[in-house]
Amino acid sequence: MNRLQLHQLPPALRAVVAFKNLAAGQVLFAQNEPAEAVYILESGCIQLLNYTEDGGQINHYSVSAGESFAEVALFNERYVCTAIALEPSRIIVLPKQAFLKVLRTHPDLAETFMSQLAKRLHESKVLLELRSIRSAQKRVLHYLQLNVQPDGKTVDLDLPLKKLADDLGLTPEALSRALKQLHKEGIISRKKRKVTLRKELSELDPNQGVSGLLSINSKKS
């Protein structure tokens, strides 16, 4: 299995899982609260973030349905960030001691878990590199080049635009302006959620400035 799924978990772990329903804007856990569980998002969307001392907000990444999160709880006494539901969400709660015990005795599950963590690490690296591009327009263009389809020219914007903006470190308004400007300049054409890159741009080496060609769109995994 590519992701942790409830029906594929060992019976001993399924016997102790719990479920939690969150409304949009509801906090699942806050930074520095005791870390008691790891979670799988069954449906909805969860944002992981930190608040700065001056009241600012630093978005780390958002979690899509089928993904686990808060894995650091397995080895930390407290959560290192805050998790908030961006929309109505249903959470599978895995008590950390029970989960640790199962990981030690089920190599297939441990391998799946490690694979997901490795993918998350790579995606976080790509996000950091994308966010380091100062120009919003260039940042969006580079994201499109990284996520081009096998035909070499089209990109499907499967993510909600607000989620995509958060991932890129932009406001939804800045993302919309960047897409409109790229379209106006003839760099892309766009029809609803399908973007087509100009041929010479789609053929550029996507490794220039950003490592790897793996998509940061979790729905393609």
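**What about the nonpolar core?**
Core analysis: the biggest nonpolar cluster contains 37 residues, and Phe29, Tyr39, Ile46, Leu48, Phe69 and Phe99 have the highest contact counts within it. Elements supplying a minimum of two residues to this core: strand E2 (27-29), strand E3 (37-51), strand E4 (57-64), strand E6 (82-95), helix H2 (96-105) and helix H3 (107-131). In terms of nonpolar packing, the next biggest core, distinct from the first, is built from 24 residues, Val126, Leu130, Tyr143 and Leu157 among them.

**As for the layout of surface pockets**
What the largest pocket holds in volume is close to 260 Å³. Along the wall of the largest pocket there are 13 residues; nearest its centre are Leu48, Tyr61, Glu71, Val72 and Val80. Classifying every residue of the lining of the largest pocket gives 9 nonpolar, 2 polar and 2 charged.

**Observations concerning helix H6 (residues 172-184)**
The terminal C-alpha atoms of H6 lie 18 Å apart, and with 13 residues this matches the ideal 18 Å at 1.5 Å per residue to within 8%. Buried within H6 we find Ala174, Leu175, Ala178, Leu179 and Leu182. Down the axis of H6, the buried side of the element spans an arc of 135°, and every buried residue falls inside it. Exposed and oriented more than 90 degrees from the buried face of H6 are Arg177, Lys180 and Lys184. Looking at the packing, one finds that the buried side of H6 touches helix H4 (136-146), helix H5 (161-168) and strand E8 (188-191).

The rules behind these values
Residues numbered from 1 in each chain as written. Predicted model: local features only at pLDDT ≥ 70, side-chain atom pairs only at ≥ 80, totals over all residues. Heavy atoms only, no water. Core = buried A, V, L, I, M, F, W, Y, C linked by side-chain atoms within 4.5 Å. Buried < 20%, exposed > 50% of the residue type's maximum accessible area, 1.4 Å probe, protein only. Helix = DSSP H or I, 4+ residues; strand = E, 2+ residues; numbered from the N terminus. 1 Å grid on protein atoms, 1.4 Å probe; cavity = no way out; pocket = protein on both sides within 12 Å on 5 of 7 lines; lining within 4 Å. Points joined across faces, edges and corners; volume = space filled by probe spheres on them. Nonpolar A, V, L, I, M, F, W, Y, C, P; charged D, E, K, R; others polar. Expected span 1.5 Å × (residues − 1). Arc of directions from axis to C-beta. Contact = heavy atoms within 4.5 Å.

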